[in-house]
Protein chains: 2
Amino acid sequence: MTQQASLAALQERVAAVNDVLNAVSVLTWDSRTMMPTDGAETRGLQIATLTRLARDLLLAPETEKALEEAERATEGFGQDAAERRMVQQTRQAVEHHKRVPVSLIQERAALRTVAQAAWIDARSKSDFAVFSPYLARTIALSRAYADCIGWNEHPYDAMVSIYEPGETAASLKELFTTLRAGLQPILDAARARPQPRSDFLFRDFPEEGQRAFGLSLAERLGYDFRRGRLDTTVHPFEVSFTRNDVRITTRYNRNYLPASIFGTAHETGHGLYEQGVDAAHTRTTLATDLVGLYAVGGTSFGAHESQSRLWENHIVRSQTFWQRHFSDLRKHFPDQLGDVSADEFYRAVTRVEPGFIRVEADELTYDFHIMLRADIECALMDGSLAVDYLPEAWNAAIRRDLDLVVPDDARGVLQDVHWSTGYIGSFPTYTIGNVMGAQVMDTLCGRNPSLGDAITAGHYGILADELRTRIWQHGRRFTRDELLERETGRPLDPGPYLHYLRSKYAA
Amino acid sequence: MTQQASLAALQERVAAVNDVLNAVSVLTWDSRTMMPTDGAETRGLQIATLTRLARDLLLAPETEKALEEAERATEGFGQDAAERRMVQQTRQAVEHHKRVPVSLIQERAALRTVAQAAWIDARSKSDFAVFSPYLARTIALSRAYADCIGWNEHPYDAMVSIYEPGETAASLKELFTTLRAGLQPILDAARARPQPRSDFLFRDFPEEGQRAFGLSLAERLGYDFRRGRLDTTVHPFEVSFTRNDVRITTRYNRNYLPASIFGTAHETGHGLYEQGVDAAHTRTTLATDLVGLYAVGGTSFGAHESQSRLWENHIVRSQTFWQRHFSDLRKHFPDQLGDVSADEFYRAVTRVEPGFIRVEADELTYDFHIMLRADIECALMDGSLAVDYLPEAWNAAIRRDLDLVVPDDARGVLQDVHWSTGYIGSFPTYTIGNVMGAQVMDTLCGRNPSLGDAITAGHYGILADELRTRIWQHGRRFTRDELLERETGRPLDPGPYLHYLRSKYAA
């Protein structure tokens, strides 16, 4: 077989896996936006079957044969040649899935169904004890899963590696120490200042106007509606079915305007990343997470979050943005915002106020919520924290970091869906996204002085072009740290993030 | 292996095929209702991959092994035991797909893409010559396909058997002869009468009101929105992703009210069939067309159409329906329908007026459009009609049957999408649906005299219960003719259909 033919044979196998995983994404999107209520059970079976087929395709003897030939064919290629990366990523995924027995996958899937129901029940009763046995089992199976995958220093390393390759319990501990030390004085300074007026955010904002503004916002940031759409859902998300069909979702709170605006900006950031992946990577490993069995173009959860947070916080939650665009928003809500100035609006949407709920947290307190969860996950995985003591550990951390007393489990340890779905190890990627977003933004602005002027002038296409060239187009070709090294000259560095928060909130 | 275990093993294989085919249906529904324009190309690849995987699953050695064991296990079962049927249907599908080489499937798929583009181009130019070479190739590949499947008397038999098992070129010829003879005098009588007033149907009917009435109409007929939804599309269709998620679509013509009303009634009829399949059949061959590789609960295209036409024509296009419900419709359009009576509305929506376009045809001329197409397909398949002479043959038939002169190819031979997508042999099922719908309705009303009163009183649940018990619940367990024999005591019989049309249009 020629070099080209053996690569093509492997690519054909990977393309089929990508097609199946994109189909899973369509089924998932549909289940969260369109599906009638009673369709849930059989939809779950369909998704399970497709996911199993994707894994079977990956572990089939035909793939192994194609892979071995492609490995020989790319031996002479450069380390970061796209072809070599594709072959390496396939090999890595094959070895990963070989190590995890089907029985464990089935056990985890079965647990997920009952654990989610138990979590919903527990949260409605605000009683952690109802969920506790299911979480204990989730941790036990996660530990078994980590042991299958393999780890050196800490079992949490294996779980984190699925979402954020390169990060470990130790690297996260170091990052969190720096962040806590840097964040605390900024938070203290912000809390010492009087609260701005924010009453107008809670007026009556009909969905129609929110949706119209959201659509214009996404378009303004560069989101391409010929390759996307914006729908309504309960828990907003972005999902892509190749770069040609990237969908975002939001929710409209009639009595709290910021939720849909910043939610839409956030998901638009994710969407821009996926729409910006090089067309040549379509249906390859460079647009498929073969380890996580998820068709995605972003190179890690943290890298993805860096783009959503960059657009949401550095652009849309900035003073210059509202100085320029507040009048557009007011056109949609002339009565509700008639007595509000652009600066008042900006100050209201950037006010700092520690609270119990992560998804409602401001920029300064958000990372404390994340670090708390990551610390807990880490301790649960190594057994240093028993599930039964989780509420106490949670409440103590909220007290220590935010000076708040958690009133009940529903507003504490039971607030997030993640653990009930078996996700252990993904929380840290939210904070990594914040850090990476600021680091990239800092470098881009430093390198190109006209970028700041363009943004101030409301021309976001220049920023999008920079990000597309430097990050989006590569898809999964480079790891997160490789991207950072290439573009910023160093690995993940919390300095620019703390600097950004300091100038925004403590100046 | 025990009897039960070997059946379960086969069922597991079939369930996976069903899951994949339902996923294909979700992807197809999405592509026709939700997908952004640029998503089409990769979506097509995804659907092709899933369809191929479904076929691979069916032809895998594991399926053959499970099938052989299940065949032994069900030898002693009754001929129409559900288990035996499931095994027989799987065997039949396996043998069918074994006979069709992958190369032919790929050739047909590749042709479909270019043929559809050529048809769109040809139709916009109203020039059959642009499409002609693609149709010639489609016929050649259909002939090759028919030869793979096998046929005795006529190659068209093989194509028709995919959509309507049991029908042949000969049986259709006989049916059409009876129908033509019976329809002509009814049509002549109807045309001899003065045309009723219909100007009000073409007034301005905003989509919102049409949609609200359509939703209430579907619900009134018994469609369950916890297991379904109604969306907008260009070419309306119904599709199910198991009985728990059955979706219907319609289109709203702002200046022609009947399109959405009767279109929605039609798709609701299809939807009721799928929602009514026994839950026990979910993910089995009794809810999967393993030959056509399509997850569907209805036993044939004709049987499916019988239910949609029954609800559309016998119920919603009836005088009693509008006597009872016209006031509901007028509530949505008080200005547009203020000067119209229920009887005027009924007469307008049942007026007879031969035209060129099949999808706009009335009840009396519709079958002439279908028979024309079936005759042509049959003649193309056996070579007695060359593709080049198709427009002449078409135009001559329209002249003979409807006394109209076709003005151009766009309003003649190029009007339907079917042939460009490779569908040869499905047209006759529309007329079979009309015939079967009337035959079933006639028997039900004859057997249960209170049914007519219930329908007149607007209680459609009794009819739905009857149809569910007698037809829907069985899914694909019985063939169309078995259903007819069981319920009406005889095979397909055009008598009741002609009787129904005569009393409606020539009384």
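For the structure itself, consult the block above.
To start, this report covers the structure provided alongside it. Just so it is clear, the structure is predicted and the values come from calculations on it, not from any experiment.

Topic: the packing of helix α1 (residues 3-33) of chain A against helix α2 (residues 40-59) of chain A
Residues and elements named next belong to chain A.
No. 1: Direction vectors running N to C along α1 and α2 enclose 165°, while the axes themselves pass 9 Å from each other. With respect to α2, the axis of α1 lies roughly antiparallel. Seen from above, α1 lies across α2 with left-handed handedness. On α2, the residues touching Arg13, Ala16, Val17, Val20, Leu21, Ala23, Val24, Leu27, Thr28, Asp30 and Ser31 of α1 are Arg43, Gln46, Ile47, Leu50, Thr51, Ala54, Leu57 and Leu58.
No. 2: Split by residue class, the contact of α1 with α2 holds 12 nonpolar, 4 polar and 3 charged.

Observations regarding the interface of chain A and chain B
No. 1: Each partner contributes residues to the interface: chain A has 37 residues there, and chain B has 37 residues.
No. 2: Both sides together, the interface formed by chain A and chain B hides about 2,900 Å², and carbon and sulfur atoms give 60% of it.
No. 3: Ranking the residues of chain A by area buried against chain B places Pro36, Asp38 and Gln46 of chain A at the top, with a combined share of 17%.
No. 4: Linking chain A with chain B are 6 salt bridges.

Things to note about the sheet that holds strand β1 (residues 228-232) of chain A
All names here are of chain A.
No. 1: Ordered by their spatial adjacency, 3 strands build an open sheet running β1-β3-β2, and the pairing between neighbours is mixed. Pairing within the sheet leaves two strands with one partner each, and these edge strands are β1 and β2 (238-240). Here the average twist between neighbouring strands, direction ignored, is 20°.
No. 2: In this structure, β2 lies alongside strand β3 (residues 246-250), joined through 3 bridges in antiparallel fashion. Across the sheet, the residue bridging to valine 239 is arginine 247, located in β3.
No. 3: Those strands touched by α1 are β1, β2 and β3, and its axis lies near 35° from that of β1.

Re the side chain of arginine 480 of chain B
All names here are of chain B.
No. 1: Tracing the chain through its elements places arginine 480 in helix α19 (residues 480-488).
No. 2: For arginine 480, a relative accessible area of 4% gives the class buried.
No. 3: A polar atom in the side chain of arginine 480 sits 3.0 Å from the side chain of glutamate 164.
No. 4: Dropping the residues within four chain positions of it, arginine 480 is found in contact with Glu164, Glu167, Thr299, Ser300, Ala303, Ile432, Met436 and Leu492.

Some points on the packing of aromatic side chains
No. 1: Following the criterion strictly, the structure yields 32 aromatic pairs over all chains and no others.
No. 2: For the ring pair tyrosine 223 of chain B and phenylalanine 225 of chain B, a centre distance of 4.8 Å and an interplane angle of 80° mean the geometry is edge-to-face.
No. 3: Of the residues examined, tyrosine 223 of chain B reaches a relative accessible area of 2% and is grouped as buried.
No. 4: Chaining the aromatic ring pairs together yields one cluster made of Phe200, Phe213, Phe262, Phe321, Trp322, Phe326, Phe345 and Tyr460 of chain A.
No. 5: The ring of phenylalanine 237 of chain B has arginine 32 of chain B sitting right over it, with the charged end atom 4.0 Å from the ring centre.
No. 6: The ring of tyrosine 145 of chain B carries arginine 108 of chain B above its face, with NZ or CZ at 4.0 Å from the centroid.

Points about the sheet that holds strand β3 (residues 246-250) of chain B
Residues and elements named next belong to chain B.
No. 1: Strand order in the open sheet made by the 3 strands is β1-β3-β2, with mixed pairing throughout. Each edge of the open sheet carries a strand with a single partner, namely β1 (228-232) and β2 (238-240). Taken pair by pair, the neighbouring strands of this sheet meet at an average axis angle of 20°, ignoring direction.

Digging into the relation of the copies chain A and chain B
No. 1: Rotating chain A by 180° and translating it 0.0 Å along the rotation axis places it on chain B, where the RMSD comes to 0.0 Å. Put plainly, the chains are arranged around a two-fold axis. Among all C-alpha atoms of chain A, that of alanine 23 of chain A lies closest to the rotation axis, at 3.5 Å.
No. 2: A share of 100% of the interface residues of chain A reappears at the interface of chain B, consistent with the copies meeting face to face through the same patch.

Overview of the pattern of salt bridges
No. 1: Counted by the stated rule, this structure contains 90 salt bridges over all chains.
No. 2: With its nearest N and O atoms 2.8 Å apart, the salt bridge here joins arginine 411 of chain A to aspartate 408 of chain A.
No. 3: The class for aspartate 408 of chain A is partly exposed, based on a relative accessible area of 24%.
No. 4: Put simply, aspartate 416 of chain B and arginine 358 of chain B hold a salt bridge, and the shortest N to O gap is 3.0 Å. Taken together, the positions of aspartate 416 of chain B in the loop between α15 (390-402) and α16 (428-447) and arginine 358 of chain B in the loop between α13 (342-349) and α14 (363-382) put the pair 58 residues apart, joining distant regions of the chain.

Digging into the pairing of β3 of chain B
Residue and element names in this part refer to chain B.
No. 1: Of all the 5 residues making up β3, 5 are buried; the element is thus mostly covered by neighbouring parts of the structure.
No. 2: As judged from the 5 bridges shared by β1 and β3, these two strands associate in the parallel manner. Residue pairing in the sheet places leucine 230 in a bridge with isoleucine 248 of β3.
No. 3: Where β2 hands over to β3, the hairpin turn is made up of 5 residues, of which threonine 242 adopts a positive phi near 80°.

With respect to the packing of α14 of chain B against helix α20 (residues 495-505) of chain B
All names here are of chain B.
No. 1: Across the interface, α14 lies against α20 with an axial gap of 10 Å and an inter-helix angle of 140°. On the basis of their axis angle, the class for α14 and α20 is oblique. Touching Glu363, Leu364 and Asp367 of α14 are Tyr497, Tyr500, Leu501, Lys504 and Tyr505, all from α20.
No. 2: Counted by class, the contact of α14 with α20 contains 5 nonpolar, no polar and 3 charged residues.

Cut-offs used in this document
Residues numbered from 1 in each chain as written. Chains lettered and ligands numbered in written order. Predicted model: local features only at pLDDT ≥ 70, side-chain atom pairs only at ≥ 80, totals over all residues. Heavy atoms only, no water. Axes fitted to C-alpha atoms, helices over the stretch in contact; angles between N-to-C directions. Helix = DSSP H or I, 4+ residues; strand = E, 2+ residues; numbered from the N terminus. Parallel < 35°, antiparallel > 145°, perpendicular 65-115°, else oblique. Left-handed = near helix turned anticlockwise from the far one by under 90°. Contact = heavy atoms within 4.5 Å. Nonpolar A, V, L, I, M, F, W, Y, C, P; charged D, E, K, R; others polar. Buried area = accessible area lost by both parts, 1.4 Å probe. Salt bridge = Lys/Arg side-chain N within 4 Å of Asp/Glu carboxyl O. Pairing = 2+ DSSP bridges. Buried < 20%, exposed > 50% of the residue type's maximum accessible area, 1.4 Å probe, protein only. Polar contact = N/O pair within 3.5 Å; in protein donor to acceptor, adjacent residues only side chain to side chain. Phe/Tyr/Trp six-rings, centres within 6.5 Å; stacked < 30°, edge-to-face > 60°. Lys NZ or Arg CZ within 6 Å of the ring centre and 35° of its normal. Least-squares fit on C-alpha atoms with pLDDT ≥ 70 in both.

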